[in-house]
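Chain by chain, the residues run as shown.
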Amino acid sequence: MALDLVGKLRAAVRDVPDFPKKGIVFKDITPLLSDPALFRASIDLFLERCHGRKINKIVGIDARGFVFGSAVAYELGVGFVPIRKRGKLPYQTEVAKYSLEYGEAEMEMHVDAVTAGERVVLVDDLLATGGTSAAAALLIRKAGGNLLEAQFLIELEFLHGRNQLDPTPVASFLKY
Ligand code: AMP
């Protein structure tokens, strides 16, 4: 990956302190998304890791994982699957609970979204503590999916979220 490209992408991620609550520095990717060259470049980073891997489905996490995941699926010519916060998906679902800083949350996937043996890549904008993506990985595995890798535009390395995803391989492009 070209260093100047990484620098440009990093420069387009805006830090918003104390959002959504005090003490959290929110990584706002909207400046990156609104720049056509940078948006395209960010999709290309995911695509470079996906080429030649015989992927059947891209699974994206609610909601910014949909932005990247659907573009990647379109370009690869494969299906896209949404994993959503509880209560948003209309059909029968499988549910996975995970811990937040305070309390618990739940993610859902349609029961027929991933079928046994399908080769799947999980996509989201950001890996923080790893709770969300670990729940998503569990849903994919429960369905019998072969989870090849979890890919993130941004990784907050100091939170060690990739440990939660073990043994799923993790790829991230902008590390903080
Ligand atoms: P986690 O379960 O802690 O890995 O959180 C990951 C999810 O929360 C991702 O879908 C992110 O979009 C969102 N998220 C967590 N922390 C941040 C942050 N500092 N800035 C932006 N998004 C975040």
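Residues numbered from 1 in each chain as written. Predicted model: local features only at pLDDT ≥ 70, side-chain atom pairs only at ≥ 80, totals over all residues. Heavy atoms only, no water.

Student: It is not clear to me how the packing of aromatic side chains should be interpreted in this structure. Could you clarify?
Tutor: Each aromatic ring pair is specified by the distance between its two centres and by the angle formed by the two planes. For the structure shown, the criterion picks out five aromatic pairs. One cation-aromatic arrangement involves lysine 27 over tyrosine 176; the distance from NZ or CZ to the ring centre is 3.9 Å. (Phe/Tyr/Trp six-rings, centres within 6.5 Å; stacked < 30°, edge-to-face > 60°. Lys NZ or Arg CZ within 6 Å of the ring centre and 35° of its normal.)

Student: Hey, could you run me through the environment of threonine 132 in this one?
Tutor: Mapped onto the elements of the fold, threonine 132 is located in helix α5 (residues 131-142). Its relative accessible area of 28% is what places threonine 132 among the partly exposed residues. C-alpha separation for the pair threonine 132 and asparagine 146, spaced 14 residues apart in sequence, amounts to 18 Å. Apart from the residues within four sequence positions on either side, threonine 132 is in contact with Ile61, Tyr98 and Met107. (Helix = DSSP H or I, 4+ residues; strand = E, 2+ residues; numbered from the N terminus. Buried < 20%, exposed > 50% of the residue type's maximum accessible area, 1.4 Å probe, protein only. Contact = heavy atoms within 4.5 Å.)

Student: Just to check I follow, could you spell out unusual backbone geometry for this structure?
Tutor: With glycine set apart, most residues show a phi of negative sign, and most peptide bonds adopt trans. Of note, the bond from aspartate 62 into alanine 63 is cis; its omega dihedral lies within 30 degrees of zero at -5 degrees. When you line up the elements, alanine 63 lands in the loop between β3 (57-61) and α4 (64-76). In this model, aspartate 166 is joined to proline 167 through a cis peptide bond whose omega is 15 degrees. In this fold, proline 167 is placed in the loop between α6 (161-165) and β9 (170-175). Non-glycine residue lysine 54 carries a positive phi angle of around 50 degrees.

Student: Explain the sheet that holds strand β6 (residues 104-110) to me, please; I cannot follow it from the model alone.
Tutor: Hydrogen bonds between backbone atoms are what pair the strands of a sheet, whose relative direction is either parallel or antiparallel. Taken together, seven strands build an open sheet; the order of strands is β5-β6-β4-β3-β7-β8-β9 and the sheet is mixed. In this open sheet, the two edge strands, each paired with only one partner strand, are β5 (93-99) and β9. Averaged over neighbouring strand pairs, the angle between their axes works out to 20 degrees when direction is ignored. Along the sheet, helix α3 (residues 36-50) makes contact with β3, β7 (119-127), β8 (146-155) and β9, crossing β8 at roughly 155 degrees. Contacts between α5 and the sheet are confined to β3, β4 (79-85), β5, β6, β7 and β8, with β5 contributing the most and set at about 150 degrees to the helix. (Pairing = 2+ DSSP bridges. Axes fitted to C-alpha atoms, helices over the stretch in contact; angles between N-to-C directions.)

These figures come from the coordinates and say nothing about function on their own.
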